[in-house]
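As a plain string of letters, each chain reads:
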Amino acid sequence: MTRAAIIGCGDISTVHFSAIATLGDVELVAVCDTDPGRLGAAAAAHGVPGYADFLDMLREVSPDVVHVCTPHHLHASVAADCLERGVNVIVEKPLAHTLAEGKRLIEVAERSPAKIAVCFQNRYNATSRAMRKMLDDGGLGQVIGASATVMWHRDGDYYRSRPWRGTWAEGGGGLMMNQAIHTVDLLQWLVGDVAKVEGRASTRSLAGVIEVEDTAEFVAEHVGGARSVFYATLANAVNAPVTLDIVTEKATLSLRGDLTITYADGSVEVVPERVAESGGRSYWGVSHELLIADFHASLGEPGPFWINPAEAGKSLAIVKDIYAQSYPDMVGRVG
C-alpha cells in the first residue's frame, strides 16, 4: 500500500480525496490544514489524524505521497520541503505564485530522488489526448493556427469566501493563474512551445473586490510557426464551455466539451468527452482521478513524471509575461 496525505483541505481537495478513495492500493493516512474548522472536518470525515503543521505530519506519519492543495503562494515551498525529504508530491496548479519560486521548485525536483506531478489534469481528457495523438501522427499536416476562450463567471462572494484568491501576494494573479491557466497549458502543449507572447490583463467587472485581473487576452507565436489567439474573462453570465480550435492544413479540430474534427473533404468525426468521476465541479475538468492514478502507478518507474515542474513552468512563464506587460509598475509584486 502507498501511504498518502493531503495538505490543504479547501475546495480543490475534494477531488483528491475522491480520487484517492478509488485507488485500491493507496491509503489516506493524514490530513493537514492551518484552519482548525477545515482540519477537524476533514480528519473526522476520513478517519485519519489531522495536523496544523505539515512538517510535524511528515515526521510523525511518514507518507509516501503528499497531495498539496494549499493556496497558490504555498505550492512551491511546501512541495520543495517534501521533495527535499524524499517524499513524492502531487501539487495543484499553478506550479508557483512567482517565477522565482517556480524556478526553485524546478531545481529541487531535478535533484530529488522523489517524484512530483503538477495537476494539469485536462491533458488526460479524452478530447485532449485525441487532439495530441492526431497532431503527433502527422496526418493532419502542419498546424496553421489556434484560438481558445475561457468565458466563465465569478462574483464577489467567490473571492470573499477565500480572500487569498483575489491578491497578488497569495494568489499570484487572478483569472490567468486560477482559472485560465489550464487552457493556456493545453494551448502550448498542443500547438507547441511559445516563443513570443503579447497581451493584456485587466480588471473589468470586479474592481473594488479584487486587486488582480478578471479578464485577459493575448496573441502567441509558437516555435513551429503557428499563431494562437486567446481570450478569457470572469465577467460572463455563466460558466460556458472552454473552447479550443486548432486549424491544420487538412482539418479543423474544435473542442466544445466534445471534440469535433472537420476534415478538408467535408467529413466529420466526433470524440466524446468522459463524464467526471471524481468529486468537485465540472469546470475543474474530468480527469483528476486519471492523473492521480497515473502518478501513483509511476512511483516504481525510473525518470520524472511527465507533467513535472519544468513542464508546468511553461504555462506559468506565459502568464507572468502577460502580467509583466500589463503591470509594468508592479513587476516586483506580479512576478
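Note that residues are indexed from 1 along each chain, following the sequence as it is written. Given that this is a predicted model, residues contribute local features only at a pLDDT of at least 70 and side-chain atom pairs are listed and counted only at 80 or more, while totals for whole chains, interfaces and linings are drawn from all residues. Derived side-chain values reflect all non-hydrogen atoms in the structure, with water molecules and hydrogen atoms excluded from consideration.

A. Seen up close, the pattern of salt bridges. Salt bridge criterion: a side-chain nitrogen from Lys or Arg within 4 Å of a carboxyl oxygen from Asp or Glu. This model, assessed by the stated rule, comprises 18 salt bridges. Salt-bridge contacts for R59 lead to D56; the nearest nitrogen and oxygen are separated by 2.3 Å. Of this pair, R59 and D56 both sit in helix α3 (residues 54-61), separated by three residues, roughly a single helical turn. The exposure class assigned to R59 is exposed, which follows from its relative accessible area of 57%. For every residue, the accessible area obtained with a 1.4 Å probe (protein chains only) is divided by the maximum for its type, and the residue is called buried under 20%, exposed over 50%, and partly exposed between those limits. Classification of D56 as partly exposed rests on a relative accessible area of 28%. Each helix is a run of H or I in the DSSP string that is no shorter than four residues. Each strand is a run of E no shorter than two, and both are numbered from the N terminus.

B. Just the environment of P63, in detail. With respect to the helices, strands and loops of the structure, P63 is situated in the loop between α3 and β4 (65-68). Note: C-alpha distance between P63 and R129 (66 residues apart in sequence) is 31 Å.

C. Local environment of the side chain of H72. Along the chain, H72 falls in helix α4 (residues 72-84). Look at H72 and you get buried, because its relative accessible area is 3%. H72 has contacts with K93, P94, H97, W164, E170, G171, M177 and N178, leaving out every residue within four places of it along the chain. Any pair of residues with heavy atoms lying within 4.5 Å of one another is described as a contacting pair.

D. Structural view of the nonpolar core. To form a nonpolar core, buried Ala, Val, Leu, Ile, Met, Phe, Trp, Tyr and Cys residues must be joined to one another through side-chain atoms within 4.5 Å. Counting residues in each nonpolar core, the largest one holds 110 residues, and the members touching the most others are M57, F218 and F230. Among the elements that line this core, the one with the most residues is helix α10 (residues 181-191), at seven residues. Once residues within four sequence positions are removed from consideration, M57 is found in contact with A5, I7, A30, V31, C32, Y51, S62, P63 and V66.

Geometric values such as these leave the question of function open.
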